[in-house]
Amino acid sequence: MFRHLGALGLFFLAILDSTPLPTFGGPDILMAILAGSHRTPWYECAAVATAGSVIGAYITFRIARKAGAAYLNSKFGANKVSGFLKLFQQWGTGSLIASTAIPVPFPTSMVFAAAGASDYPVGRYLPIVAVCRAARYSAIAIVADLYGRHFIRVLRHPVQYWGWLLLFAAVALGLAAGGILINRRMSTASMV
């Protein structure tokens, strides 16, 4: 349904993706299809998806700010919430950047809600979300524009390309693990 609406559908799907409603990477896939088919220019796809994502992230942030931890408990469960709030209080900006910039299945809306519930400054929150989402969506749109037909073929038949997808996932996990290790060493060094 969203594909037939083109850029407007991408805008609404990006808003939904940044709220607690699960879309399972819908904006990334729809943007790849739109930019890969050359129906919509890549820069328009990236701009529309970024705008929609920022609006959805702000809605989630404001709802969580007004409702507090009670909202988070009702949407995500009390056990997950306490762990996520601790994670967000410890890593703050780093967790916000990682969840918005890296296109992996991660509960980004939960990070947005944690930012709202933990009184994270709005003046820092919105620019981080906007820049990270713009970088993420621009990268996806450029790759889809350059390798459009191949990209759509991988999306339609992922089993045929499982080796490459597994390699990509391993590299992404390796980079994330390296970042965590570096951050731990830096925090240990600053404590000494």
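Residues numbered from 1 in each chain as written. Predicted model: local features only at pLDDT ≥ 70, side-chain atom pairs only at ≥ 80, totals over all residues. Heavy atoms only, no water.

### Considering the overall build of the chain
Thinking step 1. Each helix and strand counted, the chain has eleven helices and zero strands in total.
Thinking step 2. Helices and strands appear in the chain in the N-to-C order α-α-α-α-α-α-α-α-α-α-α.
Thinking step 3. On C-alpha atoms alone, the chain measures out to a radius of gyration of 18 Å, which is about the 16 Å that the 2.2 N^0.38 rule sets for 192 residues.
Thinking step 4. Projected onto its principal axes, the C-alpha coordinates of the chain cover approximately 50 × 35 × 30 Å.
Thinking step 5. Within the chain, the fraction of its 192 residues that count as buried is 36%.
Thinking step 6. The long-range fraction of contacts in the chain, counting pairs at least 24 apart against all pairs at least 6 apart in sequence, stands at 74%.
Thinking step 7. Accessible surface for the chain amounts to roughly 11100 Å². Of this, 69% is attributable to carbon and sulfur atoms.
Thinking step 8. Seen as two clouds, the 16 positive and the 5 negative side-chain charges of the chain have centres 8 Å apart. (Helix = DSSP H or I, 4+ residues; strand = E, 2+ residues; numbered from the N terminus. Rg over C-alpha atoms; globule rule 2.2 N^0.38 Å. Buried < 20%, exposed > 50% of the residue type's maximum accessible area, 1.4 Å probe, protein only. Contact = heavy atoms within 4.5 Å. Areas by Shrake-Rupley, 256 points an atom, 1.4 Å probe, with all protein chains shown as cover. Lys, Arg positive; Asp, Glu negative; His and termini not counted. Charge placed at Lys NZ, Arg CZ, Asp CG, Glu CD.)

### Some words on a nonpolar patch on the surface
Thinking step 1. Together, I142, V143, L146 and Y147 give the surface a local cluster of nonpolar side chains, amounting to about 380 Å² of exposed area.
Thinking step 2. On the secondary structure map, L146 appears in helix 9 (residues 122–146).
Thinking step 3. Judged by relative accessible area, L146 falls into the exposed class, the value being 60%. (Patch = residues over 30% accessible without salt bridge, like charges linked within 9 Å, V, L, I, M, F, W, Y side chains within 5 Å. Salt bridge = Lys/Arg side-chain N within 4 Å of Asp/Glu carboxyl O.)

### Some details on the pattern of salt bridges
Thinking step 1. In the structure shown here, the tally under the stated rule is three salt bridges.
Thinking step 2. A salt bridge links D17 to R133; the nearest nitrogen and oxygen atoms lie 3.8 Å apart. Of this pair, D17 sits in helix 2 (residues 7–17) while R133 sits in helix 9, and the two are 116 residues apart along the sequence.
Thinking step 3. Looking at R133, the relative accessible area reads 1%, which means it is buried.
Thinking step 4. Between D28 and R136 there is a salt bridge, with the nearest N and O atoms lying 2.5 Å from each other. With a gap of 108 residues between them, D28 in helix 3 (residues 26–36) and R136 in helix 9 connect regions that are remote in the sequence.
Thinking step 5. Given a relative accessible area of 10%, R136 falls into the buried group.

### Some points on the confidence of the model for the chain
Thinking step 1. When the pLDDT values of the chain are averaged, the result is 83; 93% of them are 70 or greater.
Thinking step 2. Looking across the chain, the model is least confident in helix 1 (residues 2–5), with a mean pLDDT of 70, and most confident in helix 4 (residues 42–67), with 93. (pLDDT = per-residue confidence, 0-100.)

### What to know about the environment of S18
Thinking step 1. Checked against the element boundaries, S18 lands in the loop between helix 2 and helix 3.
Thinking step 2. Each C-alpha atom, one on S18 and one on V48, is 14 Å from the other, the two residues being 30 residues apart in sequence.
Thinking step 3. Sequence-distant contacts of S18, defined by excluding residues within four places in its chain, comprise S53, G56, A57, T60, S109, F112 and R133.

### Remarks on the packing of helix 4 against helix 8 (residues 108–117)
Thinking step 1. For the pair helix 4 and helix 8, interaxial distance at closest approach is 7 Å and the crossing angle is 45 degrees. Between helix 4 and helix 8, the angle is such that the two are oblique. As helix 4 packs across helix 8, the resulting crossing turns out to be right-handed. Contact residues: A57, T60, F61, A64 and R65 in helix 4; S109, F112, A113, A115, G116 and A117 in helix 8.
Thinking step 2. A class-by-class count of the residues in the contact of helix 4 with helix 8 yields seven nonpolar, three polar and one charged. (Axes fitted to C-alpha atoms, helices over the stretch in contact; angles between N-to-C directions. Parallel < 35°, antiparallel > 145°, perpendicular 65-115°, else oblique. Left-handed = near helix turned anticlockwise from the far one by under 90°. Nonpolar A, V, L, I, M, F, W, Y, C, P; charged D, E, K, R; others polar.)

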